[in-house]
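What follows is each chain in one-letter form.
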Amino acid sequence: MTQPAPPAPSSAKPPHIVLVLADNLGWGELGCYGGGELRGAPTPRIDALAAQGMRFLNFNVESDCVPTRSALMTGRHPIRTGALQSVPAGLPQGIHPWEITIAQLLSQAGYATAMYGKWHLGDQEGRYPKDRGFDHWYGIPRTTNESMFTEQVGFDPEVVDIPHVMEGWAGQPAQKREPYDLEMRRRIDAELTDRGCAFIREQATSGKPFFLYVPLTQLHYPTIPHRDFEGQTKKGDFADSLVEMDARVGQLLDTVEACGLTDDTIFIFASDNGPEYRRPWRGSAGMWTGTYHTSMEGALRVPLIVRWPGQVPAQRVTNEIVHVVDMLPTLARAAGAGVPQDRVIDGVDQLDFWRGLQDKSSREGFVYYIKSELRAAKWRDWKMHFVWEVEPNAGANHLETPYLFNLVQDPKEETDVNAAQGWARGPIRKMVHAFQTSLKTHPPIPPGAPDDYRPG
């Protein structure tokens, strides 16, 4: 069941929403976050978008692709949804059908919905995007590195399905379109963007609000660009791919403007987690330490830009804590949609904060799990690590005395302030205790639970 939404901003009609999600884009890659030319790849379109809207310096996500996408879609931490990690094809995975997605909420509120890109939240009937609130979907059900499979040593199609790009419409079975090989990996973001632009043009005259979700595949490994961008920067494939991503965002922005929808559209650009870890495609977290699959700040903190002319003040920059789970209640309220009341929603409504009606975020902190293990917690300027692992697979050190860092004074997380600022441990511990108590009151969905499983 859903509860009627609080009053949204006064306007003649609900806003359109375009949400572009980059894959493994680190905090230090974009020009507006200190990268760009320093990374051999200017990003003028995204930089301009940041100047036109609100740039978040403390937007936090989950540890990697699947848990962040689950949190984005449901407004719930993945420890609750059971969507904890990437799983190979043929095994139960993704978000359970019991979960309610932001696409379902917006669809019920009268929105046309479409998704073009990487899903990674279910690869069987009943769990594809077209089953989870999207009228139309084109993209990949799992992950980009599957594009390498068919050219890897000893690949055997008798025991591993050939990965495919897929397409589906609500109420119809999903269809395989073409093999997802390395050449298609180069082309796919162009195809996703073209389809997104076509959807915007189609909806511009429909009279209905629309929600367009475009989870691009760049900069996930193998980080290789479209042939049109190959060699453009003279700085290598990674830089060429970053330039391509910037151009794809520009195509979507240009289409919104050409259709006269700029002032009526919430345009969001974000990343799903910290930078790519695997060499030779390793990315940058800028001033922070770490990559995805860790609890270091480089894993949690990623770019977020929100533009909504006349509602979100331009050229605003904030270091207030916001989390990806906040997207569902915030966008639901902006759209005049209700939020589910029969389950725990971890996200908080940030709409007034986005609009400049309050100076502070509506949240002070959050807990951070990797799979089913509590690794860290952030609160105000502090972060407490319960398990210490700076790089993936380096060896998790379960701390007898958790480390405490002041992230403003020590962004590299190098100086434990347990002795000097130990008072901060109290509110952090209380926040953790409250969350863990809620897990007992509302038991999580087990990973891999069958479709007929019912929580409680």
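Structure shown above.
Not measured: the values here are computed from a predicted model.

Enquirer: Could you give an account of the overall build of the protein chain, naming the residues involved and the relevant values?
Expert: Scanning the protein chain from N- to C-terminus turns up 10 helices and 17 strands. Expected size for 456 residues packed as a compact globule is a radius of gyration near 23 Å; at 21 Å, the protein chain falls within 12% of this value. Across its three principal axes, the protein chain shows a C-alpha extent of roughly 60 × 55 × 50 Å. Classification of the 456 residues of the protein chain by burial places 61% in the buried group. Sequence separation of at least 24 residues holds for 70% of the intrachain contacts in the protein chain that already meet a minimum separation of 6. A total of about 17200 Å² of accessible surface is found on the protein chain, and carbon and sulfur atoms cover 50% of it. Across the protein chain, the mean location of the 46 positive side-chain charges is 4 Å away from that of the 56 negative side-chain charges.

Enquirer: Now, about the packing of helix α5 (residues 182-203) against helix α6 (residues 237-258): what can you tell me, with residues and values included?
Expert: Interhelical geometry of α5 versus α6 gives an angle of 10° and a closest axis separation of 9 Å. With respect to α6, the axis of α5 lies roughly parallel. In contact with Arg186, Asp189, Ala190, Thr193, Asp194, Gly196, Cys197, Ile200 and Arg201 of α5, α6 contributes Glu244, Arg248, Gln251, Leu252, Thr255 and Val256. Of the residues in the contact of α5 with α6, the class split is 5 nonpolar, 4 polar and 6 charged.

Enquirer: Can you tell me about helix α8 (residues 327-335), naming the residues and giving the values?
Expert: Of all 9 residues that make up α8, 9 are buried, and the element is covered over most of its length. Among the residues of α8, those classed as buried are Met327, Leu328, Pro329, Thr330, Leu331, Ala332, Arg333, Ala334 and Ala335. Gly336 sits one or two residues past α8 and shows a positive phi near 75°.

Enquirer: Quick rundown of the environment of Thr437? Include the residues and the values.
Expert: Here Thr437 shows up in helix α10 (residues 425-441). Overall, the relative accessible area of 36% leaves Thr437 in the partly exposed class. For the pair Thr437 and Val348, spaced 89 residues apart in sequence, the C-alpha separation works out to 19 Å. Within the local environment of Thr437, its side chain forms a polar contact with the backbone oxygen of His433, the two atoms lying 2.8 Å apart.

Enquirer: Go over the sheet that holds strand β17 (residues 397-406), please, and point to the residues and values.
Expert: One open sheet accounts for 4 strands, arranged β14-β15-β16-β17; its pairing is antiparallel. Looking at the sheet topology across the chains shown, the edges are occupied by β14 (365-370) and β17. Taking the axes of each pair of neighbouring strands and ignoring which way they run, one obtains an average angle of 15° across the sheet. In the sheet, strand β15 (residues 373-379) pairs with strand β16 (residues 382-388) via 4 bridges, with the strands oriented antiparallel.

Enquirer: I'd like a description of the pattern of salt bridges, backed by residues and values.
Expert: Summed over all chains, the structure comprises 35 salt bridges. The partner of Glu146 in a salt bridge is Arg142, and the shortest N-O contact between them spans 2.7 Å. Taken as a pair, Glu146 and Arg142 share a single burial class, namely buried. What you see here is one network of salt bridges that share partners, running through Glu297, Arg301, Lys378, Lys383 and Glu413.

Enquirer: How would you sum up the nonpolar core? Please name residues and give values.
Expert: Grouped together as the largest cluster of nonpolar side chains are 52 residues, with contacts concentrated most on Phe59 and Phe211. Take this core: its biggest share by element is 6 residues, from α8. Counting 46 residues, the second largest nonpolar core, distinct from the first, contains Tyr138, Leu219, Leu242 and Trp288.

Enquirer: Give me the state of the cysteines: which residues, what numbers.
Expert: Going through the model one piece at a time under the given rule, you end up with 0 disulfides. Between Cys197, a free cysteine, and Cys259, which holds the nearest cysteine sulfur, the sulfur-to-sulfur gap is 8.8 Å. Look at Cys197 and you get buried, because its relative accessible area is 5%.

Enquirer: An account of the layout of surface pockets is needed here, citing residue identities and associated values.
Expert: The space that makes up the largest pocket amounts to roughly 430 Å³. Along its surface, the largest pocket is lined by 24 residues, and Ser86, Val87, Pro88, Thr143 and Asn145 are the ones closest to its centre. Tallied by class, residues from the lining of the largest pocket come to 10 nonpolar, 8 polar and 6 charged. The volume enclosed by the second largest pocket comes to roughly 280 Å³. Forming the boundary of the second largest pocket are 16 residues, of which Asn319, Glu320, Ile321, Arg380 and Asp381 lie nearest the centre. Considering only residue class, the lining of the second largest pocket consists of 6 nonpolar, 3 polar and 7 charged.

Enquirer: Any chance you could break down the environment of Gln124 for me, citing the residues and the numbers?
Expert: Take Gln124: it is sitting in the loop between β4 (112-118) and β5 (136-140). Residues within four places of Gln124 in sequence aside, it is in contact with Asp131 and Asp451.

Enquirer: I'd like a description of the pairing of β5, backed by residues and values.
Expert: Counting buried positions along β5 yields 5 of 5 residues, so the element is predominantly enclosed. A two-sided burial pattern is seen for β5, the buried positions comprising His136, Tyr138 and Ile140 on one face and Trp137 and Gly139 on the other. Of the pairings in the sheet, the one linking β5 to strand β6 (residues 164-169) comprises 4 bridges and is antiparallel in character. Its bridge partner lying in β6, Gly139 is registered against Met166.

Enquirer: Now, about the packing of aromatic side chains: what can you tell me, with residues and values included?
Expert: Taken as a whole and assessed by the stated rule, the structure comprises 19 aromatic pairs. Where Trp119 meets Phe134, the ring centres are 6.3 Å apart and the plane angle is 85°; that geometry is what we call edge-to-face. Taken together, the residues span a long stretch of sequence, with Trp119 in the loop between β4 and β5 and Phe134 in the loop between β4 and β5 at a distance of 15 residues. Judged on exposure class, the residue Trp119 and its partner Phe134 are both buried. Between Trp379 and Trp423 the ring centres are 5.8 Å apart and the planes differ by 80°, which places this aromatic pair in the edge-to-face class. Of the two residues, Trp379 is situated in strand β15 and Trp423 in the loop between β17 and α10; the sequence distance between them amounts to 44 residues. What links up through ring pairs into an aromatic cluster is the set Trp119, Phe134, Phe211 and Tyr213. In this arrangement the basic side chain of Arg195 is found over the ring face of Tyr138, its NZ or CZ atom lying 3.7 Å from the centre. Sitting above the plane of the Trp98 ring, Arg343 keeps its charged end 3.6 Å from the centroid.

Rules used in this analysis
- Residues numbered from 1 in each chain as written.
- Predicted model: local features only at pLDDT ≥ 70, side-chain atom pairs only at ≥ 80, totals over all residues.
- Heavy atoms only, no water.
- Helix = DSSP H or I, 4+ residues; strand = E, 2+ residues; numbered from the N terminus.
- Rg over C-alpha atoms; globule rule 2.2 N^0.38 Å.
- Buried < 20%, exposed > 50% of the residue type's maximum accessible area, 1.4 Å probe, protein only.
- Contact = heavy atoms within 4.5 Å.
- Areas by Shrake-Rupley, 256 points an atom, 1.4 Å probe, with all protein chains shown as cover.
- Lys, Arg positive; Asp, Glu negative; His and termini not counted.
- Charge placed at Lys NZ, Arg CZ, Asp CG, Glu CD.
- Axes fitted to C-alpha atoms, helices over the stretch in contact; angles between N-to-C directions.
- Parallel < 35°, antiparallel > 145°, perpendicular 65-115°, else oblique.
- Nonpolar A, V, L, I, M, F, W, Y, C, P; charged D, E, K, R; others polar.
- Polar contact = N/O pair within 3.5 Å; in protein donor to acceptor, adjacent residues only side chain to side chain.
- Pairing = 2+ DSSP bridges.
- Salt bridge = Lys/Arg side-chain N within 4 Å of Asp/Glu carboxyl O.
- Core = buried A, V, L, I, M, F, W, Y, C linked by side-chain atoms within 4.5 Å.
- Disulfide = S-S within 2.5 Å.
- 1 Å grid on protein atoms, 1.4 Å probe; cavity = no way out; pocket = protein on both sides within 12 Å on 5 of 7 lines; lining within 4 Å.
- Points joined across faces, edges and corners; volume = space filled by probe spheres on them.
- Phe/Tyr/Trp six-rings, centres within 6.5 Å; stacked < 30°, edge-to-face > 60°.
- Lys NZ or Arg CZ within 6 Å of the ring centre and 35° of its normal.

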